[in-house]
Every structure is written in structure tokens, then in C-alpha cells.
Amino acid sequence: MKNCIVSKKSLKDIILVVVIIFAIWIFMQIIFGTYNPFYVVSSGSMMPELQVFDVLVVQGNYDFKKVETGDIIVFDKPISLDRAIVHRVSSIINDEPKVIKTKGDANIASIPGVDFPITESEYRGKVIYVIPHIGHIIRFLAPPINYIIVTVIIIWMIYNKIFKKKKKC
């Protein structure tokens, strides 16, 4: 009977933790206006402004029409849309509809099919904040490591609840 009560209590704790994490994630998506407000710099194309493993905070609901030359933005690779690119807006090619050209600060020139043409459909958001070097931790916590850590924490919580209850009896 007591193990059943402990199991229900442990299950409630786990559900509470999952709900809190989910709520925080949804809250951040709403605030930043994008399904993924955080990106880790993975190349040196924006050096020295952005270093590899810097974490970028992106404002997804920043209006594409307000993007100006000099802004650092995140966008999908125009030709294949298979990855996010972080580059600086180097010029406005057209105003109506808006089309821009970007370039990595460390790159000699813009790369066709990567840096232009960027339209509103490829645009993900404007970089509003940079957290230096935190990406090392995030890269370390990438799957499957993060799943293992979460599983160990849940098992530890359950074990701790059961062990503490038996010890008190």
C-alpha cells in the first residue's frame, strides 16, 4: 500500500517537472515569437562578431520589413531550406516585395544560393542577444546525452522517493 502511495507521489513529481519545463518552453516561444528562440553558432563565418559555440537569442516576431542593412539575422538556406544560417544583412535588393542579401563578416563576399536572395519566407528572426560560449554546454547536452541525463534524473527521483519513504517507516 505504501509503495503505491510513493509511486503515485513520484509520478506526480515527474509530471509536475515535465509540465513546468513544457510551460517554460511554450512561454519562451510566445515571448520570442518563434518555435526556436535559441541557436548555437556552428561556423566561423561571422567572426569576430560571433564565435563558434556562442548562443544567439532570436526575436522571431521582429518584422521582416523592418530589417535593415547591418542587422544580424537567422534565415533558412534559400535553395534547399535544409539549415539555418546566421549572417549580417549587407544590402536591400528590393523593397516591394522585400528581398535582401546577407554576408558572413568573415566571408570575402556573399555566396549565391546561401546569402541571397533572402525573402520573408526564409527569414526566421533577428538576433537580439548573444550569450558567449554557452553553446559548448548545449552541444554536450545534444541527443542522446540529454535523454540519458533526463532518464537518470527521473530514476533518481523515483529511487529517492521510495528509499526515503521506506527509511521513515
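Preceding block: the structure.
Residues numbered from 1 in each chain as written. Predicted model: local features only at pLDDT ≥ 70, side-chain atom pairs only at ≥ 80, totals over all residues. Heavy atoms only, no water.

Caption draft 1: Geometry of the overall build of the protein. A count of helices and strands for the protein gives three helices and six strands. Mapped in sequence order, the helices and strands of the protein form the string α-β-β-β-β-β-β-α-α. Taken across its 169 residues, the protein has 31% of its residues classed as buried. Element-wise, carbon and sulfur atoms account for 68% of the exposed surface of the protein, whose accessible area totals about 11,000 Å². (Helix = DSSP H or I, 4+ residues; strand = E, 2+ residues; numbered from the N terminus. Buried < 20%, exposed > 50% of the residue type's maximum accessible area, 1.4 Å probe, protein only. Areas by Shrake-Rupley, 256 points an atom, 1.4 Å probe, with all protein chains shown as cover.)

Caption draft 2: Focus on the side chain of H87. In this structure, H87 sits in strand β4 (residues 84–95). Accessibility expressed as a relative area gives 4% for H87, which makes it buried. Side-chain polar atoms of H87 contact the side chain of D115, separated by 2.5 Å. (Polar contact = N/O pair within 3.5 Å; in protein donor to acceptor, adjacent residues only side chain to side chain.)

Caption draft 3: Looking closely at the pattern of salt bridges. Taken as a whole, this structure holds four salt bridges when the rule is applied. Close ionic contact of E49 with R88 constitutes a salt bridge, the shortest N to O distance being 3.8 Å. Of this pair, E49 sits in the loop between β1 (38–40) and β2 (55–59) while R88 sits in strand β4; the two residues are 39 residues apart in sequence, bridging distant segments of the chain. The partly exposed category is assigned to E49, whose relative accessible area is 48%. Here R124 makes a salt bridge to D76, at a shortest N to O gap of 2.4 Å. With R124 in strand β6 (residues 123–131) and D76 in strand β3 (residues 72–76), this residue pair connects regions lying 48 residues apart in the sequence. Of the two residues examined, R124 and D76, each falls in the buried class. One connected set of salt bridges, linked through shared partners, spans E49, R88 and D105. (Salt bridge = Lys/Arg side-chain N within 4 Å of Asp/Glu carboxyl O.)

Caption draft 4: The packing of aromatic side chains, seen in detail. By the definition in use, this model includes two aromatic pairs. For the pair F32 and F38, a centre-to-centre distance of 6.2 Å together with 65° between the ring planes defines the contact as edge-to-face. Their ring planes at 55° and their centres at 5.0 Å tell us that F64 and Y123 sit as a pair that is tilted. On the criterion of sequence distance, the pair formed by F64 in the loop between β2 and β3 and Y123 in strand β6 is long-range, its members being 59 residues apart. When the ring centre of F116 is taken as origin, the NZ or CZ atom of K101, which lies over that ring, is 4.9 Å away. (Phe/Tyr/Trp six-rings, centres within 6.5 Å; stacked < 30°, edge-to-face > 60°. Lys NZ or Arg CZ within 6 Å of the ring centre and 35° of its normal.)

Caption draft 5: Representation of the pairing of β2 in the model. A large share of β2 lies buried, amounting to five of its five residues. Of the two faces of β2, the one carrying V55, V57 and Q59 and the one carrying L56 and V58 are both buried. Strand direction decides the pairing type here: β1 and β2, joined by three bridges, are antiparallel. Note that in β2 the partner of Y39 across the bridge is L56. Pairing of β2 with β6 involves five bridges; the strand directions are antiparallel. Opposite V57, over in β6, you have Y129 as the bridge partner. (Pairing = 2+ DSSP bridges.)

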